[in-house]
Amino acid sequence: MRTPSPLPERAAPSRSRRPRALAVVAAAGLAAALVLPASPATAAAAAPGAAPSVDLGREVIAPGDGWASWSGDTYPERAQRLAAPTTGGSSASPADVYVAGTWQELRDALAGRAGGSQNDARYNTVPRIVYVTGTLDPWLRADGTRTTCDDIAAQITVAGSGAPFSMDDYIAAFGPGVDPSGPLEAARAEAAALQARLTLQHVGSNVTLVGVGDDAHVVGASLRIRDASNVIVRNLTLSDAYDCFPQWDANDAGGNWNSAYDNLSVWTSTSVWIDHNTFDDGDHPAASLDTVYGRPFEVHDGLVDITHGSDLVTMSWNWLQHHDKTDIIGSSDSRLQDRGQHRVTQHHNRWTDIGQRGPRVRFGDVHVYNNLYEQTDATTQASSDGYDFFQYYWGAGRESSIVAESNAVELIDPASASRIIAGWGGTELSATDTLVNGEIVDVLAAYNAGAAAPLSPAVRWDPADAYAYTLTPVGDVAEAVRAGAGAGVLASGTPGATGAPGAFTLSHDNGWDTGLRDGDYRVTADLWWGQNATVVKLYEDGTLVGAQSMAGVSPAAQRTTFDIAGRTNGAYAYELVALNPHGESRSRKLTVTVTDAAPAVAVLSASGVRTGDVTITANLWWGTNASEYVLFQDGVEVDRQALTSATPGAQRATTSLGALSPGTYEFTAVLSNAAGSTAARPVAVTVRD
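One structure accompanies this document, and this report is about it.

About the criteria used
Residues numbered from 1 in each chain as written. Predicted model: local features only at pLDDT ≥ 70, side-chain atom pairs only at ≥ 80, totals over all residues. Heavy atoms only, no water. Helix = DSSP H or I, 4+ residues; strand = E, 2+ residues; numbered from the N terminus. Buried < 20%, exposed > 50% of the residue type's maximum accessible area, 1.4 Å probe, protein only. Contact = heavy atoms within 4.5 Å. Expected span 1.5 Å × (residues − 1). Arc of directions from axis to C-beta. Pairing = 2+ DSSP bridges. Axes fitted to C-alpha atoms, helices over the stretch in contact; angles between N-to-C directions.

## Focus on the environment of Pro246
Point 1. Along the chain, the position of Pro246 falls in the loop between β11 (237–239) and β12 (247–249).
Point 2. Residue Pro246 is classed as buried on the basis of its relative accessible area, which comes to 0%.
Point 3. Along the primary structure Pro246 and Tyr261 are separated by 15 residues, whereas in three dimensions their C-alpha atoms are 9.6 Å apart.
Point 4. In contact with Pro246, not counting residues within four places along its chain, are Met167, Tyr170, Arg188, Trp257, Asn258, Ser259, Phe297 and Glu298.

## Some thoughts on helix α7 (residues 183–199)
Point 1. Under the 1.5 Å per step criterion, the end-to-end length of α7 is 24 Å for 17 residues, consistent within 8% with the ideal 24 Å.
Point 2. Of the positions making up α7, those classed as buried are Leu184, Glu185, Ala187, Arg188, Ala191, Ala192, Gln195 and Thr199. Buried residues along α7 cover an arc of 155 degrees about the axis, so they all sit on one side.
Point 3. Where the residues of α7 are buried, they touch α3 (103–111), α5 (149–153), α6 (167–173), β6 (200–203), β9 (222–226) and β12.

## Structural notes on the pairing of strand β43 (residues 603–607)
Point 1. Pairing analysis gives 5 bridges linking β43 to strand β44 (residues 614–620), with the strands arranged antiparallel. Its bridge partner being in β44, Ser607 is matched across the sheet by Thr615.
Point 2. Where β43 folds back on β44, the antiparallel hairpin that results is connected by 6 residues, among which Gly608 adopts a positive phi of roughly 80 degrees.

## Points about the sheet that holds strand β7 (residues 207–211)
Point 1. Spatial strand order, β3-β4-β7-β10-β15-β20-β23-β26-β29-β32: 10 strands in an open sheet with parallel pairing. Strands with a single pairing partner mark the edges of an open sheet, and in this sheet they are β3 (97–100) and β32 (429–432). Averaged over all neighbouring strand pairs, the angle between strand axes comes to 10 degrees, with direction disregarded.
Point 2. As defined by bridge partners, strand β20 (residues 311–316) adjoins strand β23 (residues 344–347) across 4 bridges and the pair is classed as parallel. Bridge pairing in β23 places Ser316 opposite His347.

## Considering the side chain of Asn206
Point 1. Assignment of secondary structure puts Asn206 in the loop between β6 and β7.
Point 2. Residue classification places Asn206 among the buried residues on the basis of a relative accessible area of 18%.
Point 3. Those residues within four positions of Asn206 in sequence are excluded, and the remaining contacts are Gly88, Gly89, Thr125, Val126, Pro127, Arg128, Ser229, Asn230 and Val231.

## Let's talk about the pairing of strand β46 (residues 636–642)
Point 1. In terms of strand pairing, strand β45 (residues 628–633) meets β46 through 6 bridges, oriented antiparallel. The residue of β46 that forms the bridge with Leu631 is Asp639.
Point 2. Taken together, β45 and the strand that follows it, β46, pair antiparallel across an intervening segment of 2 residues, in which Asp634 is found at a positive phi of about 50 degrees.

If you want it as structure tokens, here you go:
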């Protein structure tokens, strides 16, 4: 029987450390970083010869770095888009820079607001940079406990039985050669939908999603770049997109368990750069899977899948580990709308102990160069009697055209060189300069020698016509890729800090500049001690009212100011969030009390009563100026005037009423500005015969 469905406790992610001195190899071909200058203190602290940290959030793809650097028309789902070289969220304003240290913080940042929906994230086009720090795990609750697969299943009732859904019941009810149906299959689909709400996250357009340091990790989740363009994903370890409720398909190659989640998927999206990431199965590698109905109980789909008409993708310097169906480009032979799409470049990636799909391609013009494919004993251990874990690397599917150049392959069984290529309905593939176990091998000829439908080396396109690129000599590929591929290799962060920023101190000048607490004032933020910030955001009563970029000035203090205007009388609480790629800090709250925002009380006087030419004058000798004056005679408006600010002088308004009939009249005036209105004290005027 299968492993119990609750997910086990997560162990701390293991990670192979690589020499920092070789990081320059991994950075080859990247655009110049848009970074702040390193502070003297930081420069002094850097180890001799160590690569300086760079702000990966502001980097863009380099010219010629594969299809993602290309400009021109693309047609996802046959809708025209004009593509440009991928820049991600590099142009993000300070207000749209985020640090995500939890799964919910990542979701909020991608949505652009706290508690935002998946559609908010999917259709958000505002340029954003999201720095990921530490481990983000959707299964971890805020109270430290963990959600399990059984917790999700228990929320679903099987129709007709009244019992909660269980995958054990599902397995017991069906079997080889039987496609599940009825209430149990419906309940499985409901449970799967609940899991998707928890663990699937959309990524929209104009985003740079970047890990900081060598421990940025998203575990147990699936990221999906969907209906988007211009996206960068870098320096992350994406592990174990675990499916609690895989579906049995009796008609899939004799029967297979099919899962719903890729660690990273690209759907109907264009201009995507996937660089220096690590992809693996985490706590559930292929060798750990149980066998159910005679097939591995597969809880994963792909590591990186590029489907549904996605186009113009570059995958560079990634490490894809210990997975079966690793990377598919093009989801179905029947999606004829994908013709002309699925243009993908894969270079300097490390593929370790994968079963197949490195990649498998439908329709696309795909360039595969300078990659390392390696097998260890884990490939053998994942195999069993009657089942060979390693199937193939390059799959030529319907109407595909793969150009493979200068790739290095290390096989446990050298005789399996004939299986490096597999035909899936394609007709062409070019493979040149392939190094297999240290020797150049014509792997296409090896495949064609036993193929029922040989592939032609005459491909329909030349990568050099699309972009300029330089091949690493194939003899150097293995060493370069091992040194430079995967997450944690790049010295990421910021040159001005090695940790999260210190906490700023807030102050204000309300009442100090004019003597009036009038609602127009300045909030000053000072960082006297600690790591420098790159962005500061000022919140007023919990609402963002200002954001600014900050330059590194260590060892001097950082200072910035925010001008606040037009506040009405009341108390306002301010808090400053400071961040850099390593994390964020919060200031203590500062309360500013406004008492003089509305106009002061004007003094009314009357003249000309005896002469029969009555004039009412309003003088504002002290206090906040008004923008409007309204005069009332016995409660009836008789005059209205716009006023001009006269600070520091007095404001004055006069109204000539002329001769009034004998009697007693009461005059009052109301002076107003944007912050409120203030009534003057009434003045009585008696006109005698």
